[in-house]
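Residue-level listing of the chains:
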Amino acid sequence: MRGDRVQRAIDVAVSGGLLVVTAPVMAGVAVLVARRLGRPVLFRQQRPGLHGRPFTLVKFRTMRDVDEQRGLVSDADRMTGLGRALRAASLDELPTLWNVLRGDMSLVGPRPLLMHYLDLYTPEQARRHLVRPGVTGLAQVSGRNLLSWEDRLALDTWYVDHRSLGLNLRICARTALVLLRRAGIAAPGSVTMPQFTGSPVVREADGA
């Protein structure tokens with residue numbers, strides 16, 4: 001699609017510019033993470049990209065390493081005050097601009113989730129991978145982690161069907177408001193978002 005080529009050109013221009021502008025901020029965050037959490041300062045994990053192909057997502061670390069002897073097992077145990085502050089301001093996401101520049105991601109699109117979720121999606125939900133994952137997206141500006149998994153994935157597929165440059169601009173504008181309000185950072189009772197275990201319809205069919 002011509003719109004996809006235009007969006008890719010915008011992704012390259014904007015992510016490249018932001019990487020330069022935010023370099024001092026990222027340097028400061030890297031120093032803080034190194035001092036408070038140690039090295040490495042970056043969190044790297046395989047995530048599914050366009051058509052489900054894996055890529056390495058990079059973010060700033062916000063959690064301590066798993067350490068069963070110290071009781072650092074769950075996300076809640078491992079999360080730090082610095083990590084909460086970075087997530088609240090979305091500063092932990094700044095390195096993902098490199099993923100955008102590389103072409104792994106787009107500025108706007110469904111968020112890249114976990115690789116093992118691929119086998120849990122319904123065919124409709126799996127359509128979220130027909131576009132590049134995004135740094136921000138429709139679900140992120142419509143409730144973020146306060147949404148149920150079904151609502152979140154439904155918004156992702158709606159975006160796939162209705163994406164346009166105009167919609168992307170509206171999502172970016174709404175993202176700025178979400179960041180200012182710091183809303184929906186974590187689901188109730190969680191420091192992030194509960195694991196996706198499949199939609200109820202899929203689970204019922206599997207157990208039939």
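Note: the structure precedes this text.
Residues numbered from 1 in each chain as written. Predicted model: local features only at pLDDT ≥ 70, side-chain atom pairs only at ≥ 80, totals over all residues. Heavy atoms only, no water.

1. A look at a nonpolar patch on the surface
So, point 1. A surface patch of nonpolar side chains, amounting to about 260 Å² of accessible area, comprises I10, V14, L18 and L165.
So, point 2. No other element matches the 3 residues that helix α1 (residues 2-21) contributes to the nonpolar patch.
So, point 3. Locating I10 in the fold gives a position in helix α1.
So, point 4. I10 sits in the partly exposed class, given a relative accessible area of 33%. (Patch = residues over 30% accessible without salt bridge, like charges linked within 9 Å, V, L, I, M, F, W, Y side chains within 5 Å. Areas by Shrake-Rupley, 256 points an atom, 1.4 Å probe, with all protein chains shown as cover. Salt bridge = Lys/Arg side-chain N within 4 Å of Asp/Glu carboxyl O. Helix = DSSP H or I, 4+ residues; strand = E, 2+ residues; numbered from the N terminus. Buried < 20%, exposed > 50% of the residue type's maximum accessible area, 1.4 Å probe, protein only.)

2. Considerations on the side chain of R152
So, point 1. Residue position: R152 is located in helix α7 (residues 149-162).
So, point 2. As a buried residue without a salt bridge, R152 has its nearest oppositely charged side chain in D156, at a separation of 5.4 Å.
So, point 3. Those residues within four positions of R152 in sequence are excluded, and the remaining contacts are R111, L113, A139, Q140, N145, L147 and M193. (Lys, Arg positive; Asp, Glu negative; His and termini not counted. Contact = heavy atoms within 4.5 Å.)

3. Looking at the packing of aromatic side chains
Remark: the centre distance and the inter-plane angle together describe each pair of aromatic rings, the angle taken between the planes.
So, point 1. Under the definition given, this model contains 4 aromatic pairs.
So, point 2. When the ring of Y117 is compared with that of W149, the centres are 5.6 Å apart and the planes differ by 85°; the resulting orientation is edge-to-face. Linking Y117 in the loop between β3 (106-108) and α6 (123-126) with W149 in helix α7, this pair joins segments that are 32 residues apart in sequence. A single burial state applies to Y117 and to W149, both of which are buried.
So, point 3. Their ring planes at 70° and their centres at 5.5 Å tell us that Y117 and F196 sit as a pair that is edge-to-face. Linking Y117 in the loop between β3 and α6 with F196 in the loop between α8 (165-181) and α9 (200-207), this pair joins segments that are 79 residues apart in sequence.
So, point 4. An aromatic cluster is defined as three or more aromatic residues linked by ring pairs; in this entry it consists of Y117, Y121, W149 and F196. (Phe/Tyr/Trp six-rings, centres within 6.5 Å; stacked < 30°, edge-to-face > 60°.)

4. Remarks on the environment of V12
So, point 1. Mapped onto the elements of the fold, V12 is located in helix α1.
So, point 2. Spatially, the C-alpha atom of V12 lies 9.3 Å from that of L97, the residues being 85 residues apart in sequence.

5. Concerning the pattern of salt bridges
So, point 1. Applying the stated criterion to the full structure yields 8 salt bridges.
So, point 2. Between E93 and K59 there is a salt bridge, with the nearest N and O atoms lying 3.6 Å from each other. With E93 in the loop between α4 (81-88) and α5 (96-102) and K59 in strand β2 (residues 54-60), this residue pair connects regions lying 34 residues apart in the sequence.
So, point 3. A relative accessible area of 12% means that K59 is categorised as buried.
So, point 4. Among the ionic pairs, D161 bridges to R127, the shortest N-O distance being 2.9 Å. Of this pair, D161 sits in helix α7 while R127 sits in the loop between α6 and β4 (134-136), and the two are 34 residues apart along the sequence.
So, point 5. Put simply, K59, D92, E93 and R111 are held in one network by salt bridges that share partners.

Take it as geometry only, folks, not as evidence of what the structure does.
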